[in-house]
Amino acid sequence: MSQLYTRVALIGLGLIAGSMSLAMRRAGLAGEVVGYARSPQTRDVAREIGLCDHIADDLASAVAGADLVVLCVPVGAMEAVAREMAPHLATGATISDVGSVKRAVIDAVAPHLPNGVDFIPAHPLAGTEHSGPRSGFAELFDNRYVLLTPEADSNPDAVARLRALWEGCGAKVEEMDADHHDLVLAVTSHTPHLIAYTMVGVADDLRRVTDSEVIKYSAAGFRDFTRIAASDPTMWRDVFLSNKDATLEILGRFTEELFALQRAIRRGDGDHLHAYFTRTRAIRRGIIEAGQDTDAPDFGRIARKKD
Ligand code: NAP
């Protein structure tokens, strides 16, 4: 694949930025990748492992001359970063982000951007529970979806170039309205994370009663919850604070379903439980058929690379 941008600036050097840098390098998509993170420790690690072609020591010089700037910081940090970098952006640059929530990021970032740049928000539906500059890997986006949420007046050429970049990183790209994105992700990602956090919290309370049995005898169901609940606390705090309405809507529906299942268990209504579990099993089959997971036993733990 040929070079799409001359100079890409990645702001924030964690799992997603690191994986983007390595995936862009793999396919030769950028002339140069410049990285910047707020802490000297993260910048030092990034330099040590050669994560980008160059690590800048300040935000202004990181974005100067970049024809693509991607914000890879937690959703709650996007506004401050946008405000600070705005005066230093090159005319004609594309600004994007990888935040897990889209409407709140658009509201936080767009007002600070100068005329003459294109803002194309994006969200790669790929991740692991690991974070930081050492956690990235080039294959993270292979065969995963990236959702772009351009506005109606977005520059189509800028959208097409960003799409090509993500496709070059191995992803499948689709476009979606930002509000719709937030509702879909509340169902597929945000609420499930909250449920995992809750279940692990309940088990932790119980652990105090049963000593360490919860850890020692942890079965696959609980182990998978703990993997999700090990995700970065800052990132997930920001997701819930900025996708409040959609998450509360889905949580309300979840609670209703939970009560219905609770009642079926109390009444010994096996038909209800069996029919319900048959329906949910079909969803799992659909995900495997769509190539978004493997049907290897134990969630393909042995077969998979890093997550
Ligand atoms: P990460 O590994 O925790 O890295 C976050 C980076 O942001 C770090 O370099 C950190 O800098 C920087 N940062 C944190 N707080 C900041 C602040 N207040 N101001 C400036 N910089 C700050 O995070 P990640 O997993 O790559 O996530 C980055 C973004 O991608 C988030 O918006 C998240 O919602 C989104 N996302 C994540 C996943 C996932 O599964 N992880 C998937 C899709 C999208 P220091 O190291 O210097 O503290």
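The model shown is predicted, which means the values in this text are computed figures rather than measured ones.

### Comments concerning unusual backbone geometry
Outside of glycine, negative phi angles account for most residues, and trans bonds account for most peptide bonds. In this structure, Asn143 is a non-glycine residue whose phi angle is positive, near 65 degrees. Looking at the element boundaries, Asn143 is found in the loop between β7 (122-124) and β8 (145-148). Note on Asn143: relative accessible area 36%, which makes it partly exposed.

### Digging into the packing of aromatic side chains
Scanning all chains against the criterion turns up two aromatic pairs. A centroid spacing of 5.0 Å and a plane angle of 85 degrees characterise the contact between Phe141 and Trp166, whose relative ring orientation is edge-to-face. Taken as a pair, Phe141 in the loop between β7 and β8 and Trp166 in helix α6 (residues 156-168) lie far apart in primary sequence, 25 residues in all. Just as Phe141 is buried, Trp166 falls in that class too. When the ring of Trp236 is compared with that of Phe240, the centres are 5.9 Å apart and the planes differ by 45 degrees; the resulting orientation is tilted. In this pair, Trp236 and Phe240 both sit in helix α10 (residues 233-242), four residues apart, roughly one turn of the helix.

### Thoughts on the pattern of salt bridges
Enumeration over the complete set of coordinates arrives at 17 salt bridges. When the shortest N-O distance is used, the salt bridge between Arg134 and Glu48 registers 3.6 Å. With Arg134 in the loop between β7 and β8 and Glu48 in helix α2 (residues 40-48), this pair connects stretches of sequence that are 86 residues apart. Assessed through its relative accessible area of 51%, Arg134 is described here as exposed.

### Details of the site of the ligand
Residues in contact with the ligand amount to 26 residues; listed here are only the nearest, Leu13, Ser39, Thr42, Val73 and Ser100. The contact in question runs from an oxygen atom of the ligand to an N or O atom on the side chain of Ser39, over 2.7 Å. Within the side chain of Thr42, a nitrogen or oxygen atom sits 2.5 Å from an oxygen atom of the ligand. Elements supplying a minimum of two residues to the shell around the ligand: α1 (15-27) and β7. A breakdown of the residues in the shell around the ligand according to their chemical character gives 14 nonpolar, eleven polar and one charged.

Reading the values: the criteria
Residues numbered from 1 in each chain as written. Predicted model: local features only at pLDDT ≥ 70, side-chain atom pairs only at ≥ 80, totals over all residues. Heavy atoms only, no water. Helix = DSSP H or I, 4+ residues; strand = E, 2+ residues; numbered from the N terminus. Buried < 20%, exposed > 50% of the residue type's maximum accessible area, 1.4 Å probe, protein only. Phe/Tyr/Trp six-rings, centres within 6.5 Å; stacked < 30°, edge-to-face > 60°. Salt bridge = Lys/Arg side-chain N within 4 Å of Asp/Glu carboxyl O. Near = heavy atom within 4 Å. Polar contact = N/O pair within 3.5 Å; in protein donor to acceptor, adjacent residues only side chain to side chain. Nonpolar A, V, L, I, M, F, W, Y, C, P; charged D, E, K, R; others polar.

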